[in-house]
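Fold and contact review
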2 protein chains.
Amino acid sequence: MDGAEFRRRGKEMVDYVADYLEKIEQRPVYPDVEPGYLRSLIPTEAPLEAESYDDILKDVERVIMPGVTHWHSPYFFAYYPAASSYPAMLADMLCGGIGCIGFTWAASPACTELETVMLDWLGKMLHLPEQFLAGTHGHGGGVIQATASEATLMSLLAARCKAVRRVQASNPEQSEGEIFSKLVAYTSDQAHSSVERAGLIGGVIMRKIPTDDSYAVKGEILKNMVKEDKAAGLIPFFFCATLGTTPSCAFDHITELGPVCNEENMWMHIDAAYAGSAFICPEFRPLLNGVEFADSFNFNTHKWLLVNFDCSAMWVKNRADIVGAFKIEPLYLKHENQESGLVTDYRHWQIPLGRRFRSLKLWFVFRMYGLTGLQAHIRKHVGLAKEFESLVRADKRFEICAKVILGLVCFRLKGSNELNQNLLKRINDSKEIHLVPCQLSGRFVLRFAICARATESQHIQQAWRHITQLTFELLQEPDH
Amino acid sequence: MDGAEFRRRGKEMVDYVADYLEKIEQRPVYPDVEPGYLRSLIPTEAPLEAESYDDILKDVERVIMPGVTHWHSPYFFAYYPAASSYPAMLADMLCGGIGCIGFTWAASPACTELETVMLDWLGKMLHLPEQFLAGTHGHGGGVIQATASEATLMSLLAARCKAVRRVQASNPEQSEGEIFSKLVAYTSDQAHSSVERAGLIGGVIMRKIPTDDSYAVKGEILKNMVKEDKAAGLIPFFFCATLGTTPSCAFDHITELGPVCNEENMWMHIDAAYAGSAFICPEFRPLLNGVEFADSFNFNTHKWLLVNFDCSAMWVKNRADIVGAFKIEPLYLKHENQESGLVTDYRHWQIPLGRRFRSLKLWFVFRMYGLTGLQAHIRKHVGLAKEFESLVRADKRFEICAKVILGLVCFRLKGSNELNQNLLKRINDSKEIHLVPCQLSGRFVLRFAICARATESQHIQQAWRHITQLTFELLQEPDH
């Protein structure tokens, strides 16, 4: 395929994508396929000779689309949103065209520098404390990670490195292995599975902290656990707070937790993967109060800030902590500006070496929406969640299971877990809307998350009519 | 920006990308900017209100392009190639449009299933042993990682988990921390920096094995190191072989190393990040002989197989090893098919949770090029490297520093390291071509890697004329 054909096919693809998104409501949100459906639809080997592009495009509808869960359908209410917007897609096309790999400053200066400045822009949008910004003289700064999982892991590894150095400074005879076996990290029992996984990868104990009746961690309980662990000869070194948990969008009490971490010389990382985007609105910014105590903070612009996956924004107060943890300098990656102190080599900030020019997506989205446009998007979603909450509250058969703060509503039928499992199965089998469950205080709960950019009041109303219709049918059955 | 405007702007962007790539030779391959150049060119904060798209596009030329290292210029010979092709870009546009996050089968069945089948297609193209393929009943299978760094880390972590379980099975009283401190991994002293980094992250000792005069690891030396470490009470558990090292494209002797690993119950991972693509050509496939001894194998299709970053292909012989290492099952990620044994949940195979629909890029590229077209691309690059090698060999002032096997030529001026450092500085300062150095046996060496898809004989000839011109000027100076 040469440039001329790409011009033609690329324009067709632009139309295909626009058609897909404009007519996405007409597709069943959840696919009707069985595991293994795809293998029999295509050959068992790659073709020897080139095929025609028309055949490939036909196969997109024949092979791919029947198996897609349509995350951007206005009837998709599962997990948390995956952001998508046209400006981000345009930036991604440009990113693919430039195709640079920005592991060091020299590998493509624009790739590194735009990222640093965009993370400063975004940090200012969130009113992050100045210490988290790079500016021209700061010690902090931001980086784009692929996912929140990687941000959590990087912060835990940086904290582990700091803790080992600190212990070895006063006890030089202790081996790294000995110290590892005493290191203890903490997180909420509501934290994302990736936090537990970061502990496994890092080879440290990860304690789950019991939450209060709003599913949030309080300062006192962390303080007591740390005290007990220290008394047992262990070394508390890391706490991962969550702002906006995955099950119920609960907010840990970081204004209480931060001082405990600071006193105990523990790294506090804040995972606000979903909720972070909301902090650009003044009315939600108080949820972030306490960030001043944190060492690192992260949220996914690719969840709720209209930037297509992947683009997880992470800031650290002291970039030397993260860079120093894993700096390895082979000659083939050295460049003459690296010792100047003026440049950032993002390869030290992340697990992978290679990286795409992802900051273009932030730049395009910030400029094409403006802060006002982005705030309007957040507010619309929160409003839709409140609308759904009102519908649930008005139906006495149902209950709301957690305070609705942002765009997630946790609800259930009053009754057994089995009843709610049956309801969810009927909902998802019908494929008109798509939800996933969570567990709160041992109860099986349905999560209704406002996800798609195109979701409007009419879709919320339709979803609720559908849920109540299925509820009616379920409760009619002799078993109930 | 609505669908109508996206249609218009998207088509403009297709033309912009095609123009960029068709006229890329006219741009200086390496940018003429100083660290910090970008910050002063744009505002210090995001705009409050939306801006016009025309202004953004103008800024791409004003702000971004002056700071881009043009990896797809035919005069870019640095690092290793970053793959790029029009079919891959089309697939990436589709991927962005669908915008699904494929962490489990249910999150988008097509995303998971196409990936499994494409990795089978690719495995067959490489003639990987059957055990590495998923098929319908296999225990092995492939996965797309973002980068080779992550593939190495995942294999080391899976090996670490297996080793801990094995030790604890016979010594249940040993803590994980105690075992970690005895675990030893091995790799070549020529291995990529990411291998050393994987050891740091995993908290295990990573021994660097001295290489022979072709910069490759031999079986005997690993055997002896393992013997010594075992005698010292340590636990050898992992060896990362390299096929096509970063400094000189050397190939470890895996037919000797594999049996040592198998006998010693050590996981053998093969990192063929760059060279792996060449194994689709029968004449280069013998370089992969010995893969039958490996537990995992990885290479970057985004280096040399015309698939845009990121798309690193990894296979394991026993997927239970990798899945079992970090399986955590929160309710919100459960789905009814996961226990059927028929589905793959790729979230267990990787560090991040989220993942893009990257297999579309493989599907488009394999079908639009055909195996024959991909082989032709590899052969063309190898031919160009041989052409450059001949030019160097014909000039008695220069020497070739490592056997030229694929698309990389390591060469230097006969003389001091300082002389060669000066030559490289002149080359890169001129910005007509771009190279990076490496160190081989203590000598400063220039690496000339065939990188861009558009590189032809004329560019090689021009690059050599340029290098010899700068050499002439350098050697004219009074110092020499």
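Residues numbered from 1 in each chain as written. Chains lettered and ligands numbered in written order. Predicted model: local features only at pLDDT ≥ 70, side-chain atom pairs only at ≥ 80, totals over all residues. Heavy atoms only, no water.

Named according to an unreviewed UniProt entry, chain A is Aromatic-L-amino-acid decarboxylase originating from Larimichthys crocea. As its UniProt record puts it under Cofactor (unreviewed entry), chain A is described as follows: "pyridoxal 5'-phosphate". Comment text from UniProt for chain A, heading Sequence similarities (unreviewed entry), reads "Belongs to the group II decarboxylase family." (UniProt positions renumbered as here; feature names shortened; annotations may be inferred.)

Another aspect to go through is the side chain of B:Gln174. All names here are of chain B. Following the sequence through the fold, Gln174 ends up in the loop between α5 (148-170) and α6 (176-180). The buried category is assigned to Gln174, whose relative accessible area is 13%. Within the structure, Gln174 has its side chain in polar contact with the side chain of Lys182 (distance 3.3 Å). Discounting chain neighbours no more than four positions away, the residues touching Gln174 are Val167, Gln168, Ile179 and Lys182. (Helix = DSSP H or I, 4+ residues; strand = E, 2+ residues; numbered from the N terminus. Buried < 20%, exposed > 50% of the residue type's maximum accessible area, 1.4 Å probe, protein only. Polar contact = N/O pair within 3.5 Å; in protein donor to acceptor, adjacent residues only side chain to side chain. Contact = heavy atoms within 4.5 Å.)

Quick look at the pattern of salt bridges now. The full count for this structure, using the stated rule, is 62 salt bridges over all chains. Across the pair A:Asp15 and B:Lys11 runs a salt bridge, and its minimum N-O distance is 2.8 Å. Placement of A:Asp15 in helix α1 (residues 3-22) and of B:Lys11 in helix α1 (residues 3-22) is noted, with the two residues assigned to different chains. For B:Lys11, a relative accessible area of 25% corresponds to the partly exposed category. Between B:Lys380 and B:Glu456 there is a salt bridge; the shortest N-O distance is 3.1 Å. Here B:Lys380 is found in helix α12 (residues 359-393), whereas its partner B:Glu456 is found in the loop between β11 (443-449) and α14 (457-476), with 76 residues between them in sequence. In this structure B:Lys380 comes out as partly exposed when scored by relative accessible area, which is 28%. (Salt bridge = Lys/Arg side-chain N within 4 Å of Asp/Glu carboxyl O.)

So, about the domain arrangement of chain A. Residue and element names in this part refer to chain A. Parsing chain A into structural domains produces domain 1 (3-69), domain 2 (100-356) and domain 3 (374-476). On a C-alpha basis, the centres of domain 2 and domain 3 stand 32 Å from each other. Taken together, the 21 residues of domain 2 in the interface contact 19 residues of domain 3. Interface of domain 2 and domain 3: buried area, both sides summed, is about 1,800 Å²; carbon and sulfur atoms make up 70% of it. On the domain 2 side of the interface with domain 3, the three residues burying the most area are Tyr215, Trp304 and Leu306, jointly 34% of the side's total. Joining domain 2 to domain 3, the criterion identifies one salt bridge. Glu283 is the salt-bridge partner of Arg379, the closest N and O atoms lying 2.6 Å from each other. Viewed at the interface, domain 3 and domain 2 are joined by seven residue pairs in polar contact (both at pLDDT 80 or more). The residue makeup of the side of domain 2 that touches domain 3, split by class, is 16 nonpolar, four polar and one charged. (Domains from an automatic or database assignment. Buried area = accessible area lost by both parts, 1.4 Å probe. Nonpolar A, V, L, I, M, F, W, Y, C, P; charged D, E, K, R; others polar.)

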